[in-house]
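Here is how the chains run, residue by residue.
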Protein chains: 2
Amino acid sequence: MTPTTDRLQGIFSPVLTPFGADFRPDPDRFTRHCRWLLDQDVGLAVFGTNSEANSLSVAEKRRLLDGLLAAGLPASRMMPGTGACALADAVELTKHAVDCGCGGVLMLPPFYYKGVSEEGLYRAYASVIDGVADERLRIYLYHIPAVSGVPIPLPLIERLLTRFPRIVAGIKDSAGDWSHTAAMLQRFQPRGFDVFAGSENFLLATLRGGGAGCITATGNVNPSAIVRLYKTWKHADADEQQRQLDAQRAAFAQFPMIPAMKAAIALKTGRADWRHVRPPLVELDAAQQHQLAASLDGVDFTMPNAAALA
Amino acid sequence: MTPTTDRLQGIFSPVLTPFGADFRPDPDRFTRHCRWLLDQDVGLAVFGTNSEANSLSVAEKRRLLDGLLAAGLPASRMMPGTGACALADAVELTKHAVDCGCGGVLMLPPFYYKGVSEEGLYRAYASVIDGVADERLRIYLYHIPAVSGVPIPLPLIERLLTRFPRIVAGIKDSAGDWSHTAAMLQRFQPRGFDVFAGSENFLLATLRGGGAGCITATGNVNPSAIVRLYKTWKHADADEQQRQLDAQRAAFAQFPMIPAMKAAIALKTGRADWRHVRPPLVELDAAQQHQLAASLDGVDFTMPNAAALA
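This one's a predicted model, so the numbers in the text were calculated from it and none came from an experiment.

### Re the overall build of chain A
Point 1. Per the secondary structure count, chain A includes 12 helices and seven strands.
Point 2. Here the C-alpha atoms of chain A give a radius of gyration of 18 Å, agreeing with the 19 Å that 2.2 N^0.38 yields for 310 residues.
Point 3. Counting only C-alpha atoms, chain A reaches 50 × 50 × 40 Å along its principal axes.
Point 4. For chain A, buried positions account for 53% of its 310 residues.

If you want it as structure tokens, here you go:
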């Protein structure tokens, strides 16, 4: 996918983070997985929710990012998650991402305190932007209230976009509420604020509404079908493609998603160590793995060149 | 308060963290506040929810803790909060606290993912304990589901206490549900698992149930009355003391608690910089400050030697 602008667009995946039995990140498998995703035209939203990013320290994330760059992977196709509860952590990781030339960063609000005010969230984002103090910064807000507990309301986006145009570059909407996505597409997308759906379930609707693409967990395991819809969404079979994507995602979504995707990669590659997750997550048990394997057999699901990951 | 055992007991406060206008922690005011609390017989649960601890990086917390020790404050009276979403962060800060000789640590579960399994939470705590690998470690679990989003259920406590007796030393119960506290007092307190109420509202009931005391935000601003009940809870006026404590707390609880307590200290000491909070929190506005001042005038509320904080 050759970008036609310097704005990030298309299909991104919150890249799964491979661990060893000792819960240490495995930089080699991580790099191989990232390279494989790029080969499928999937951009690298490393350090997202499905990456177990908040289970990683800032130092661990820096080392993993540095490893990707040292391996020659293009920073321009990366959108690392850099949000944190602590301002200093968010500034450190964001600054590092900008210095590395990352195309953008995906930023959670601070997520410990709940029910915080719009003013407080505005200050949180503004403090990171001021702390990074770099015109190259491109922030994609991360709206995932069911996990973070801290929604990003429309008036906050309005305020940030007005005060920090260009720097506040878009959003990943993982709320699963189409009316919210539609409101942002109508109100903010025309102002250069790129709306990414939080899963492929809303990919076609988002593209029809003028949005930029999607950032989706299942990009880790089902990239080619998702990318095909992105590239051919104006074709006559787009609705049928969307229905197939929904069925493929459902094969995973009946399990805890992160362990299920890791189990699927372990199945496809024969590498059992792909199953490891960090606490507080737990890997699928043997019965769930069997169920998952059966479930994946029932859908048209491919991982091209999975051997490259092994 | 001379401890009669090496187990922590009595009144502790999640120590407010003073910031400058630039949001940097102020180690001098922090140390003065901690010394003042110790003078009131209040132990130092530094880095709790009311300390804005999750808005601080691990490095910032280490520096603040080191500053207290360098100032000669006794580690045996400290119960720093060391829980974190990332295992490496929790291990680093916990190990540092143990190495410093802290009496215990107060440990949140990893709090990003919601709805995680008991097995996952067990592994999270066990991984920290194994990572620290020090028999001196004393962990107080931190149950504050309304903020963390991750409750600590009774079967998890049972399992941890059985596997790690002594190391799993107690709990701060900030759920505000007396039936839950009562169940723990009955089931776990006799096994040497010390139950601390999460606020003074349940102090008398907790002590009557055999519990260890309370860890309470308003210990920062109303220590003497709370400590008095702890020391005299068998006296005839205990219920009346409890009623007064409840009224005093209510004077704060009508505002966002952290900014309100900081505003109260600013009022009592004349140091306006005590008002600063880190995003995503917001300080009280002028109208709220007036209301707070009036509200405090309406209750019998004292901060002895507040000048020591200025």
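### Observations concerning the interface of chain B and chain A
Point 1. The interface of chain B with chain A comprises 32 residues on the first partner and 32 residues on the second.
Point 2. Listing elements by their share of the side of chain B that touches chain A, those giving two or more residues are helix H3 (87-100) and helix H4 (118-132) of chain B.
Point 3. With six residues, H4(B) is the single largest residue contributor to the side of chain B that touches chain A.
Point 4. For the side of chain B that touches chain A, the class distribution of residues is 19 nonpolar, seven polar and six charged.

### Describing the relation of the copies chain B and chain A
Point 1. Turning chain B through 180° and shifting it by 0.0 Å along the axis lays it on chain A, with an RMSD of 0.0 Å. Both copies are brought into coincidence by an operation consistent with a two-fold rotation axis.
Point 2. Looking at the interface residues of chain B, 100% of them are also at the interface in chain A, so both copies use one shared face.

### A closer look at the environment of Lys95(B)
Point 1. Mapped onto the secondary structure, Lys95(B) falls in helix H3.
Point 2. Taking the C-alpha atoms as reference, Lys95(B) lies 5.3 Å from Val132(B); in sequence the two are 37 residues apart.

### Section: the sheet that holds strand E6 (residues 194-197) of chain B
Residues and elements named next belong to chain B.
Point 1. An order of E2-E1-E7-E6-E5-E4-E3 is seen for the seven strands of this open sheet, with the pairing classed as parallel. Where the open sheet ends on each side, the last strands, each with one partner, are strand E2 (42-44) and strand E3 (105-107). Within this sheet the neighbouring strands show an average axis-to-axis angle of 30°, counted without direction.
Point 2. As judged from the three bridges shared by strand E1 (residues 10-13) and E2, these two strands associate in the parallel manner. The residue of E2 that forms the bridge with Ile11 is Val42.
Point 3. Those strands touched by helix H9 (residues 223-231) are E1, E2 and strand E7 (213-215), and its axis lies near 155° from that of E1.

Quick notes on the rules
- Residues numbered from 1 in each chain as written.
- Chains lettered and ligands numbered in written order.
- Predicted model: local features only at pLDDT ≥ 70, side-chain atom pairs only at ≥ 80, totals over all residues.
- Helix = DSSP H or I, 4+ residues; strand = E, 2+ residues; numbered from the N terminus.
- Rg over C-alpha atoms; globule rule 2.2 N^0.38 Å.
- Buried ≥ 20, exposed ≤ 12 C-beta atoms within 10 Å, placed from the backbone.
- Contact = placed C-beta atoms within 7 Å.
- Nonpolar A, V, L, I, M, F, W, Y, C, P; charged D, E, K, R; others polar.
- Least-squares fit on C-alpha atoms with pLDDT ≥ 70 in both.
- Pairing = 2+ DSSP bridges.
- Axes fitted to C-alpha atoms, helices over the stretch in contact; angles between N-to-C directions.

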